Amino acid sequence: MCISNKIGPPVEGEDFFGRTKEIRQANRLLDSGHSLLLSAPRRIGKSSLAKRLIEEKSREGWKCVYIDLEETTTEDGFLRMVIESFYKGGIWKQITAGMSKGLASLLGSIEKVSVGPIDLKLNRKEEQEDLYKNLKELIEHGQDTFIVVDELTLFLGILNKSDGGHEKVAFILNWLRSLRQVSKTKVRWLFCGSVGLRNFTSNLDLGYTVNDLTEFNLDELTREEASGLLKQLCASEQMVMDDALIDYTLDKLVWNIPYFIQIIFANLMVFHDDGAAITKESIDTAYNRLVSENYLTTWSERLIEYRELENPARLILKSLSSAPSGLSRDTLLDILMTGKESSKIEETDYALSKLLRMLENDGYILKKDSIRVFRSPLLRDYWFNTFVQ
Ligand SMILES: Nc1ncnc2c1ncn2[C@@H]1O[C@H](COP(=O)(O)OP(=O)(O)OP(=O)(O)O)[C@@H](O)[C@H]1O
Ligand SMILES: [Mg+2]
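In this text the structure is predicted, and so the values were computed from the model without any measurement.

Novice: Would you take a moment to explain the sheet that holds strand β2 (residues 63-68) for this structure?
Specialist: One key point about sheets: their strands pair by backbone hydrogen bonds, in either a parallel or an antiparallel sense. Within the open sheet, the five strands sit side by side as β2-β3-β4-β1-β5. Their pairing is parallel. Both outer strands of the open sheet, β2 and β5 (214-215), are each paired with one neighbouring strand and no more. Where strand β3 (residues 145-150) lies against strand β4 (residues 187-193), six bridges are found, and the strand directions are parallel. Residue pairing for β4: V149 is matched across the bridge by F191.

Novice: I would appreciate a short explanation of helix α9 (residues 223-236) in the present structure.
Specialist: Every α-helix winds through 3.6 residues per turn, so residues three or four apart in the chain are directed the same way. Spanning 14 residues, α9 covers 20 Å between terminal C-alpha atoms, matching the ideal 20 Å at 1.5 Å per step. Of the positions making up α9, those classed as buried are E225, A226, S227, G228, L229, L230, L233, C234 and S236. Of the surrounding secondary structure, the elements contacted by the buried residues of α9 are α1 (20-31), α10 (243-253) and α11 (258-273).

Novice: Would you mind showing me how to read the side chain of S300 here?
Specialist: Relative to the helices and strands, S300 resides in helix α13 (residues 297-301). Once you skip the residues sitting within four places of it in the chain, S300 turns out to touch R314, W383 and F387.

Novice: What is the right way to look at unusual backbone geometry in this model?
Specialist: Comment: phi is negative for the bulk of residues other than glycine, and the bulk of peptide bonds are trans. A positive phi is found at R19, a non-glycine position, where the angle reads about 65°. Residue position: R19 is located in the segment before α1. Although it is not a glycine, E151 adopts a positive phi angle of roughly 60°. Positionally, E151 belongs in the loop between β3 and α6 (152-160).

Novice: I tried to follow the packing of α11 against helix α12 (residues 280-292) on my own but got confused; where do I start?
Specialist: Between two packed helices, the angle of one axis relative to the other and the distance separating the axes together describe the packing. Close contact between α11 and α12 brings their axes to 9 Å; oriented N to C, the two are set at 120°. Between α11 and α12, the crossing angle belongs to the class labelled oblique. With respect to the hand of their crossing, α11 and α12 are arranged in right-handed fashion. Only S282, I283, T285, A286, Y287, R289 and L290 of α12 make contact with α11, whose side of the interface consists of I263, I264, N267, L268, V270 and F271. For the contact of α11 with α12, a count of residues per class yields nine nonpolar, three polar and one charged.

Novice: Honestly, helix α17 (residues 377-388) in this entry has me stumped. Any pointers?
Specialist: Every buried residue belonging to α17 is among P377, L378, L379, R380, Y382 and W383, and all of these are buried. Looking at the buried side of α17, the elements it contacts are α10, α11, α12, α13, α14 (310-321) and β8 (371-374).

Novice: Could you clarify how one ought to interpret the domain arrangement of the chain in this entry?
Specialist: For an interface, size is often stated in terms of accessible area lost upon the parts coming together. Here the domain parsing of the chain yields domain 1 (19-215), domain 2 (223-292) and domain 3 (307-377). Each partner contributes to the interface: domain 1 provides nine residues, whereas domain 3 provides eight residues. A combined buried area of about 600 Å² lies between domain 1 and domain 3, and 41% of that area is made up of carbon and sulfur atoms. Its largest share of buried area at the contact with domain 3, domain 1 owes to P41, K161 and N199, together 54% of the area lost on that side.

Novice: What should I look at first to understand the packing of aromatic side chains in this one?
Specialist: Where two aromatic rings form a pair, the distance of their centres and the angle of their planes describe that pair. What the rule picks out here adds up to 17 aromatic pairs. Judged by centre distance (4.9 Å) and plane angle (70°), the rings of Y132 and F171 are edge-to-face. Of this pair, Y132 sits in helix α5 (residues 125-138) while F171 sits in helix α7 (residues 165-180), and the two are 39 residues apart along the sequence. On the basis of relative accessibility, which here comes to 27%, the residue F171 falls in the partly exposed class. Through pairs of rings, three or more aromatic residues link up here, namely W255, Y259, F260, W299, Y364, F374, Y382, W383 and F387. When the ring centre of Y287 is taken as origin, the NZ or CZ atom of K252, which lies over that ring, is 4.6 Å away. Over the aromatic face of F387 sits the side chain of R314, whose NZ or CZ is 5.8 Å from the ring centroid.

Novice: Can you walk me through the site of ligand 1 in this structure?
Specialist: Taken together, 21 residues surround ligand 1, and among them K6, P9, R42, K46 and S48 come closest. At 3.0 Å, a backbone N or O of R43 approaches an oxygen atom of ligand 1. For ligand 1, an oxygen atom lies 2.7 Å from a polar atom in the side chain of K46. When ligand 1 is considered free in solution it has 630 Å² of accessible area, and contact with the protein chains removes 97% of it. Looking at the shell around ligand 1, the elements with two or more residues in it are α2 (46-59) and α11. The residue makeup of the shell around ligand 1, split by class, is nine nonpolar, six polar and six charged. Two domains each donate at least three residues to the shell around ligand 1, and these are domain 1 (19-215) and domain 2 (223-292).

Conventions used here
Residues numbered from 1 in each chain as written. Chains lettered and ligands numbered in written order. Predicted model: local features only at pLDDT ≥ 70, side-chain atom pairs only at ≥ 80, totals over all residues. Heavy atoms only, no water. Pairing = 2+ DSSP bridges. Helix = DSSP H or I, 4+ residues; strand = E, 2+ residues; numbered from the N terminus. Expected span 1.5 Å × (residues − 1). Buried < 20%, exposed > 50% of the residue type's maximum accessible area, 1.4 Å probe, protein only. Contact = heavy atoms within 4.5 Å. Axes fitted to C-alpha atoms, helices over the stretch in contact; angles between N-to-C directions. Parallel < 35°, antiparallel > 145°, perpendicular 65-115°, else oblique. Left-handed = near helix turned anticlockwise from the far one by under 90°. Nonpolar A, V, L, I, M, F, W, Y, C, P; charged D, E, K, R; others polar. Domains from an automatic or database assignment. Buried area = accessible area lost by both parts, 1.4 Å probe. Phe/Tyr/Trp six-rings, centres within 6.5 Å; stacked < 30°, edge-to-face > 60°. Lys NZ or Arg CZ within 6 Å of the ring centre and 35° of its normal. Near = heavy atom within 4 Å. Polar contact = N/O pair within 3.5 Å; in protein donor to acceptor, adjacent residues only side chain to side chain. Areas by Shrake-Rupley, 256 points an atom, 1.4 Å probe, with all protein chains shown as cover.

Structure (structure tokens):
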């Protein structure tokens, strides 16, 4: 068995490469009872890491659940997804003689999940609150359990925009928190998403609902891992790249996240399939193709999550893509102030601080001394090609 070139969905099993240190760290934290918050840039490998942890914890006999909220936009959808995935993960209690009638009948309807969609009666707000309360009691807190909730902030961001959104978001965050607060619970959680849950909750004055979570970071691969991944991909396709060519590729990418390595490899395969040897020129051509095709559109699309800050974010990124050596904060402020009355300077300055932090958290840019630059030349060249040139 060997690794295969995957670009897009989270990688699993044999296709997962490296991350040894992060896995060790995460295991240590989970084993000592921590619940984790992994909010890291787009496409860095969050979901893949979460799935790998699930594989490991399942092998150790833990009950595991993976909930992907990317497709969910309503509270109802959230509830159904939680119930169904908890059912499939086997983390509900068994029906016992002493159990209240309400709980036993809820469990009965949950068990129908295997034969079709569950019938939830959610007509009134009180009924819904009762349901959440009952669900909390139905979880078996005494067994080692690992629950991954992917893209929670994305879902809550959408819910927040619906009628009574703030109240709904607060309710869900408080409910999740109450599940983590159950005395002696052996359930551990991992929340992942590229939009920072902490920024999101603190903007809504709900920071307290996540303050028990331990921050967990994920960044680029180490140079050794990056080179190992590229070598294994080559080996799986009998493609020859010596150390100098591997180094040339990684130096060109600068920011060695596994996704960038996978997409450049996919483009090198075009030469290999034509029977040509890989050279520095073919690496340059593959790179140029990447910056002019659609592999990186997600970085542009997801700016929609910046809502009222989307346009100024685009303005900043456009300017930075034309300035490879970076721009100072003052220059960026001048750019945002263009065409505005000078009385707007305070609020624009504040928005700029917020935006720079968000763009840094999401991996678009970084701060080098007092200068902001694109974090990845690949992304910068894509941006320039797509939005400037
Ligand atoms: N450990 C890994 N080994 C090999 N490839 C990986 C690894 N992690 C990520 N990748 C590559 O990156 C891509 C994206 O991975 P993943 O979906 O896990 O990232 P993500 O951070 O969850 O992305 P998003 O921000 O879109 O949710 C994968 O399709 C694969 O090409
Ligand atoms: Mg993901």
